[in-house]
Amino acid sequence: MNDFTADVLIVGAGPTGLATANALSQLGTSFVLIEAKSATSVHTKATNLMPGTLEQIDIFGLSERMYDTGGIMTRYMMHMYGSNVGPRPMHMDGSPHPNVLFLGQDLIEKNLMDGLPNQGADI
């Protein structure tokens with residue numbers, strides 16, 4: 001067992017924990033990130049980064065990394081009470097990231113891990 005001294009303890013290296021680690025790293029705040037798994041996910045449990053999430057990720061310079069591996073969704077098909085009500089736009093006016101980014105959780109975690117200065121050495 002190693003002893004660590006840090007300002008923040010982050011429990012879990014999923015998307016939230018890794019995003020928090022990137023944010024703290026950018027701010028110069030020391031942290032320890034602990035995770036039970038030995039590697040990031042290899043399966044997708046969730047997809048898509050919404051415009052608001054991309055705006056937050058962009059604050060720490062990580063959105064380009066996401067765009068490099070994801071695809072932009074401009075519309076989606078909607079079914080309501082068993083009937084197809086046609087394609088709906090996914091565009092959000094007024095945002096620097098107006099579309100939903102289609103990207104699996106496995107790739108989101110990998111991009112966030114790769115964005116850390118020590119690339120996971122402190123996990």
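A brief structural summary.

A few points about the environment of asparagine 111
Then step 1. Summarising the element assignment, asparagine 111 is placed in helix H4 (residues 105-115).
Then step 2. For asparagine 111, a relative accessible area of 6% puts it in the buried group.
Then step 3. In the structure, asparagine 111 is positioned 93 residues away from leucine 18 in sequence and 9.4 Å away in space, judged by C-alpha atoms.
Then step 4. Setting aside chain neighbours within four positions, we find asparagine 111 in contact with Arg65, Met66, Thr69 and Leu103.

Points about the pattern of salt bridges
Then step 1. All chains considered together, the criterion is met by one salt bridge.
Then step 2. The partner of aspartate 114 in a salt bridge is lysine 110, and the shortest N-O contact between them spans 2.6 Å. With aspartate 114 and lysine 110 both in helix H4, this residue pair falls four residues apart, about one helical turn.
Then step 3. Among the residues examined, lysine 110 registers a relative accessible area of 42% and is labelled partly exposed.

Observations regarding the environment of isoleucine 72
Then step 1. As for its placement among the helices and strands, isoleucine 72 is situated in strand S4 (residues 71-73).
Then step 2. Considered as a pair, isoleucine 72 and leucine 103 are 31 residues apart in the sequence and their alpha carbons are 8.8 Å apart.
Then step 3. Those residues in contact with isoleucine 72 that lie beyond four places of it in its chain are Tyr67, Asn99, Val100 and Leu101.

Analysis parameters
Residues numbered from 1 in each chain as written. Predicted model: local features only at pLDDT ≥ 70, side-chain atom pairs only at ≥ 80, totals over all residues. Heavy atoms only, no water. Helix = DSSP H or I, 4+ residues; strand = E, 2+ residues; numbered from the N terminus. Buried < 20%, exposed > 50% of the residue type's maximum accessible area, 1.4 Å probe, protein only. Contact = heavy atoms within 4.5 Å. Salt bridge = Lys/Arg side-chain N within 4 Å of Asp/Glu carboxyl O.

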